[in-house]
Amino acid sequence: MSLHLLNSNGPDSLPEGLPPPGRPDNNSLAPSRKKNAAGDQGKEGGGGGGKKKKRGREYVPQKRSGGHAVLLTLYRQSQIAGSKGYMFKMELQAEAQLLCDKSFTVPDLGSKYTAWSSVSTLIHKNFVIKTHNPARYSLTEEGLALAERLESVEEDTKDGPEGDREEARSEEEVEECCPGLVDLTASDEEEEEDGIPPAGRPACVAQQRSEVDGMGFSGKPQNSQATSRKPNAGCLLPGAYEVILCVDFIETTGGSNHHKDELVKELQRNGVNFDVRKLNVGDFLWVAREKVAPVPGQLRAPTGRELVLDYIIERKRMDDLCGSIIDGRFREQKFRLKRCGLRRPCYLVEECGSAASHLSLPETTLQQAIVNTQVVDGFFVKRVQDVRESAAYLTVMTRYLIKLYQNCTLICRSRELEGDGGSDEEERGTPSCSLISFAEFNHGAVKNKCQTVREVFARQLMQVSGLSGDKAAAILEQYSTPHSLLAAYERCASEAQKEKLLSSIRHGTLKRNLGPALSRTVYQLYCTQGALS
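Attention here is on the structure that accompanies the text. From a predicted model like this one, the values you see are computed outputs, not experimental measurements.

Let's talk about the overall build of the protein
Broken down by element type, the protein carries 24 helices and 16 strands. In the form shown here, the protein has an accessible surface area of approximately 28,600 Å², with 51% of it arising from carbon and sulfur atoms.

Details of helix α5 (residues 66-78)
For α5, built from 13 residues, the straight-helix expectation of 18 Å at 1.5 Å per residue is met to within 8% by its first-to-last C-alpha distance of 18 Å. Buried within α5 are the following residues: Gly66, Gly67, His68, Ala69, Val70, Leu71, Leu72, Thr73, Leu74, Tyr75, Arg76 and Gln77. Buried residues in α5 make contact with β2 (87-88), α6 (89-96), α7 (118-124), β3 (128-131), β4 (136-139) and α8 (141-156).

Overview of empty space enclosed by the protein
For the structure shown, the criterion picks out three cavities of 30 Å³ or more. Taken together, Lys316, Leu321, Phe330, Tyr347, Val349, Ile370, Thr373 and Val381 make up the lining of the second largest cavity. Listed by contribution, the elements that provide at least two residues to the lining of the second largest cavity are β11 (344-350) and α15 (363-375). For the lining of the second largest cavity, the per-class residue count stands at six nonpolar, one polar and one charged.

Considerations on the nonpolar core
Ranked by internal contacts, the top residues of the largest apolar core, which has 32 residues, are Leu245, Leu267, Trp286 and Leu410. Of all the elements in the fold, those that place two or more residues in this core are β7 (241-248), α12 (259-269), β9 (284-290), β10 (306-317), β11, α16 (387-404) and β13 (410-413). Per-element accounting of this core gives the leading share, six residues, to α16. Formed by 28 residues, the second largest nonpolar core is a distinct cluster that contains Leu279, Ile312, Leu359 and Ala369.

Focus: the layout of surface pockets
One number sums up the size of the second largest pocket: a volume of about 1,700 Å³. Contributions of two or more residues to the lining of the second largest pocket are made by α13 (318-327), α14 (329-339), α15, α20 (453-461), α21 (469-478) and β15 (506-507). Counting residues per element, the lining of the second largest pocket draws most heavily on α21, at eight residues. Split into classes, the residues belonging to the lining of the second largest pocket amount to 18 nonpolar, 16 polar and 16 charged.

Some remarks on the packing of aromatic side chains
Taken as a whole and judged by the stated rule, the model has nine aromatic pairs. Look at Phe330 and Tyr347: their rings are 5.7 Å apart centre to centre, the planes differ by 70°, and that puts the pair in the edge-to-face class. Linking Phe330 in helix α14 with Tyr347 in strand β11, this pair joins segments that are 17 residues apart in sequence. No difference in accessibility class separates Phe330 from Tyr347, as the two residues are buried.

Let's talk about the pattern of salt bridges
Proximity of charged atoms lets side chains of opposite charge pair with each other. Under the defined criterion, the tally for this structure stands at 23 salt bridges. Among the ionic pairs, Asp320 bridges to Lys316, the shortest N-O distance being 3.4 Å. Note on Asp320: relative accessible area 29%, which makes it partly exposed. For Lys316, a relative accessible area of 1% puts it in the buried group. Measuring nitrogen to oxygen at the nearest pair gives 4.0 Å for the salt bridge that ties Arg317 to Glu350. Here Glu350 lies in strand β11 and Arg317 lies in strand β10, a separation of 33 residues in the sequence. The two residues Arg317 and Glu350 agree in class, both being buried. The network of salt bridges with shared partners includes Glu251, Arg315, Arg317, Asp319 and Glu350.

Looking at the sheet that holds strand β14 (residues 434-436)
Spatially, β6-β13-β14 is the arrangement adopted by the three strands of the open sheet, whose pairing is mixed. Looking at the sheet topology across the chains shown, the edges are occupied by β6 (235-236) and β14. Taken together, the three bridges between β13 and β14 define a ladder with parallel strand orientation. From the neighbouring strand, Ile411 faces β14, where its bridge partner is Ser434.

Notes on the side chain of Ser138
Following the sequence through the fold, Ser138 ends up in strand β4. Residue Ser138 is classed as buried on the basis of its relative accessible area of 17%. Residues contacting Ser138, with those up to four places away along its chain left out, are Leu74, Gly85, Tyr86, Phe127, Val128 and Ile129.

Digging into the state of the cysteines
Enumeration over the complete set of coordinates arrives at zero disulfides. Cysteine Cys492 is unpaired, with the sulfur of Cys527 as its nearest cysteine sulfur at 8.9 Å.

Scoring rules and cut-offs
- Residues numbered from 1 in each chain as written.
- Predicted model: local features only at pLDDT ≥ 70, side-chain atom pairs only at ≥ 80, totals over all residues.
- Heavy atoms only, no water.
- Helix = DSSP H or I, 4+ residues; strand = E, 2+ residues; numbered from the N terminus.
- Areas by Shrake-Rupley, 256 points an atom, 1.4 Å probe, with all protein chains shown as cover.
- Expected span 1.5 Å × (residues − 1).
- Buried < 20%, exposed > 50% of the residue type's maximum accessible area, 1.4 Å probe, protein only.
- Contact = heavy atoms within 4.5 Å.
- 1 Å grid on protein atoms, 1.4 Å probe; cavity = no way out; pocket = protein on both sides within 12 Å on 5 of 7 lines; lining within 4 Å.
- Points joined across faces, edges and corners; volume = space filled by probe spheres on them.
- Nonpolar A, V, L, I, M, F, W, Y, C, P; charged D, E, K, R; others polar.
- Core = buried A, V, L, I, M, F, W, Y, C linked by side-chain atoms within 4.5 Å.
- Phe/Tyr/Trp six-rings, centres within 6.5 Å; stacked < 30°, edge-to-face > 60°.
- Salt bridge = Lys/Arg side-chain N within 4 Å of Asp/Glu carboxyl O.
- Pairing = 2+ DSSP bridges.
- Disulfide = S-S within 2.5 Å.

Next comes the structure, spelled out in structure tokens:
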């Protein structure tokens, strides 16, 4: 009781847990130590001070910490008209980064934790709920109530030269509107730079922080600095990024020959700016990486945004092509390349010299597979003689894309919100400036992730001989699940009508009919009782 009185004596009172001026730290706990047994019982019930009282209070994250930024971001997104009610991890990290001093992706030096680590605390305390795969994050009722209180404090906070007093006043307002709240996220690692609070930082520093990992999902502006940056939020302006070739690590490691080492050496010899990383689909692609200046006082420069250009290459040696055709990987790879979200997939076919005479398939079969890939599946196919020509082609492509995108303003789009369809820019022959982030691209291309019924249905259809990806996609446009297809068969009056149900479905660029033979095969597959003969 006495502690509450000490902390509410006028405007000069201090936050709970801090000693009055001139008194040592350990004296602030003296009254609680002198309490009798009855006083100790009151302390356990929440009336005393010390650690037990902290555990009994409600949780509130520190301002500009990871938890604070996540709560505000989810709340602001939920207030947007037509909001979907949740956010994916990538867009949540990108938007919350503008409200947080620590990085959501890169840990501080000497630590393994990032700002994203606070999300587990929010989930554990039932402020945030995580559902689905890929993960969707949304506020619970308790989280919504806490976020509303934090947002009301944010709206009352003003920018100006009196930043220290404004921030102190906002902390008092949190204490007033949220009685009993205690900050459980404070640490020595989260000190302010050079003693300057966020509201009083120079505009250039605030802009650098706001540009880190921003992906263009706009919420309410926090202050005038954020408002002034909003027109360029999520954009990469010309000159603010560099084009980099990304090489899958499989292309540089493993194997018993020297071809992989030779590819890297050739790229280095040609002066190509490339980066080796894990690609879940494809062997080579290009990203536009944001140029980020180092922040004074930080050892590492902030991580720049990366947007994937619409060009991806799958490299195939003739012996690898033969093996992938035999085990079925070839069809699956083409299907995944079409679904990866990039509009210009390409096959780089490399001859294997004298080894071609010892392959398991005849050369005519391999040549036919290459022609089908180009003509039927619609991929661009580039044929080269050896690894040196492959490196030369990658070098030429890199320089071409640097010139192609040099005057473009790039905008980040989301596959979940906008889909993978082509754009008007692509039809006019100009490069598309609406690109997906590398993190979202690579996450969406995971091979063994959970699949929808539609995706599993498509894979089933493609197991039928002669039923390509285009034909499967045409069937899915009218019958998206096996249930809808079986229901259509039930509505047919006769057996002949069922067999011809899919024959008139048009597919591909030439809009050819699927044909009665495939239609009958699919009908037999899904409607025949017992084993197929």
